[in-house]
Amino acid sequence: AQKVTQAQTEISVVEKEDVTLDCVYETRDTTYYLFWYKQPPSGELVFLIRRNSFDEQNEISGRYSWNFQKSTSSFNFTITASQVVDSAVYFCALSEYNTDKLIFGTGTRLQVFP
Amino acid sequence: GAGVSQTPSNKVTEKGKYVELRCDPISGHTALYWYRQSLGQGPEFLIYFQGTGAADDSGLPNDRFFAVRPEGSVSTLKIQRTERGDSAVYLCASSLAGNTEAFFGQGTRLTVV
């Protein structure tokens, strides 16, 4: 069965702190895709990253970085030097190769205080 | 428009009524998805279209829910005999192909009273 777990319901940090959002997934497939989306207060989900199961190389994009570890079925997301504009709900999602649908976690609400 | 457009943005209806929610995907995107998001939860998959056909409708909760995409572009999600439990934000997304970056609309907030 497919499942995505985001154990952290809410995280609060002060601006400029680094913060890591955890994501653990379950799947029986060997080919799958992992995603992170940001949902600001406006409600629209914004795509951040897509990773396929064969690419375990970590990725960095500006202040954002992702750590994909198949051995622990985790795909964690780190924001470096957080800013108030990073405040949002962040969703991790899984898609198996032959299904095309996204299975979302319950999300982590990040609040960054000035 | 550049993004996925959903109308209406808000819909209040009485229990038992019929509603239609519309989604205009990004031009050229062959894949279209409907999700439902309840308060405090992640989006939950409803149905996926590849072109005009429903490739996967396994997420539709029951036969009161139906969706169409007759010309492979605009899609309509139809809910018959609405119930209070149908209240949620209905999200539409489109992508160039399956398993690629999906672009989401702002959603339709449905409230059944």
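Above this text is the structure in question.
All residue numbers refer to positions counted from 1 along the written sequence of the respective chain. Both sets of labels track the order of writing: A upward for chains, 1 upward for ligands. Only residues with pLDDT of at least 70 are given local features in this predicted model, and only at 80 or more are side-chain atom pairs given and counted; all residues enter the totals for whole chains, interfaces and linings. Note that water and hydrogens are dropped before the side-chain values are worked out from all heavy atoms of the structure.

Undergrad: Would you explain the interface of chain B and chain A in this entry?
TA: Frequently, the measure chosen for interface size is the accessible area removed from exposure when the parts meet. Note on contacts: a residue pair is in contact if any heavy atoms of the two residues lie within 4.5 Å. Counting residues at the interface gives 20 residues for chain B and 20 residues for chain A. What gets called buried area is simply the loss in accessible area from a 1.4 Å probe that two parts show on being joined, summed for both. Here chain B and chain A share an interface that buries about 1600 Å² over both sides, 50% of which is from carbon and sulfur atoms. In what follows, salt bridge is the name for a side-chain nitrogen of Lys or Arg lying within 4 Å of a carboxyl oxygen of Asp or Glu. Close ionic contact of Lys101 of chain A with Asp56 of chain B constitutes a salt bridge, the shortest N to O distance being 3.9 Å. Two N or O atoms count as a polar contact when they lie within 3.5 Å, although within protein this holds only if one can serve as hydrogen donor and the other as acceptor, and sequence-adjacent residues are included solely when both atoms are side-chain atoms. Inspection of the chain B/chain A interface yields 7 residue pairs in polar contact (both at pLDDT 80 or more). Under the DSSP-based scheme used, a helix requires at least four consecutive residues in state H or I and a strand at least two consecutive residues in state E, with every element numbered from the N terminus. When residues of the side of chain B that touches chain A are traced back to their parent elements, those giving at least two are strand 4 (31-37) and strand 5 (44-50) of chain B. Take the side of chain B that touches chain A: its biggest share by element is 3 residues, from strand 4 of chain B.

Undergrad: It is not clear to me how unusual backbone geometry should be interpreted in this structure. Could you clarify?
TA: Excluding glycine, most residues fall at negative phi; most peptide bonds, likewise, are trans. Each neighbour pair has its own omega, and for Thr7 of chain B with Pro8 of chain B the value is -10°, a cis peptide bond. By the secondary structure assignment, Pro8 of chain B is in the loop between strand 1 (5-7) and strand 2 (10-13). In this structure, Lys16 of chain A takes a positive phi of about 85° despite not being glycine. If you trace the backbone, Lys16 of chain A turns up in the loop between strand 2 (10-14) and strand 3 (19-21). A simple rule labels every residue: compare its accessible area, found with a 1.4 Å probe on the protein chains alone, to the largest value its type can have, and call it buried under 20%, exposed over 50%, or partly exposed in between. Using a relative accessible area of 71% as the deciding quantity, one classes Lys16 of chain A as exposed. In this structure, Ser73 of chain A takes a positive phi of about 50° despite not being glycine. Note on placement: Ser73 of chain A falls in the loop between strand 8 (64-69) and strand 9 (74-79).

Undergrad: Teacher, can you tell me more about the pairing of strand 9 (residues 88-95) of chain B here?
TA: It is a general feature of regular strands that their side chains alternate between the two faces of the sheet. Residues and elements named next belong to chain B. By the criterion of burial, strand 9 is predominantly enclosed, with 8 of the 8 residues buried. Strands pair, by our definition, only if DSSP identifies at least two bridges between them. Note that strand 4 and strand 9 share 7 bridges and pair antiparallel. Counterpart to Tyr33 in the pairing with strand 9 is Ala93. Across 3 bridges, strand 9 lies against strand 11 (residues 108-112) in antiparallel orientation. Opposite Val89, over in strand 11, you have Arg109 as the bridge partner. Relative to strand 10 (residues 103-104), strand 9 runs antiparallel, the two sharing 2 bridges. Bridging from a neighbouring strand, Ser94 pairs with Phe103 of strand 10.

Such coordinate-based values are descriptive only and should not be taken to indicate function.
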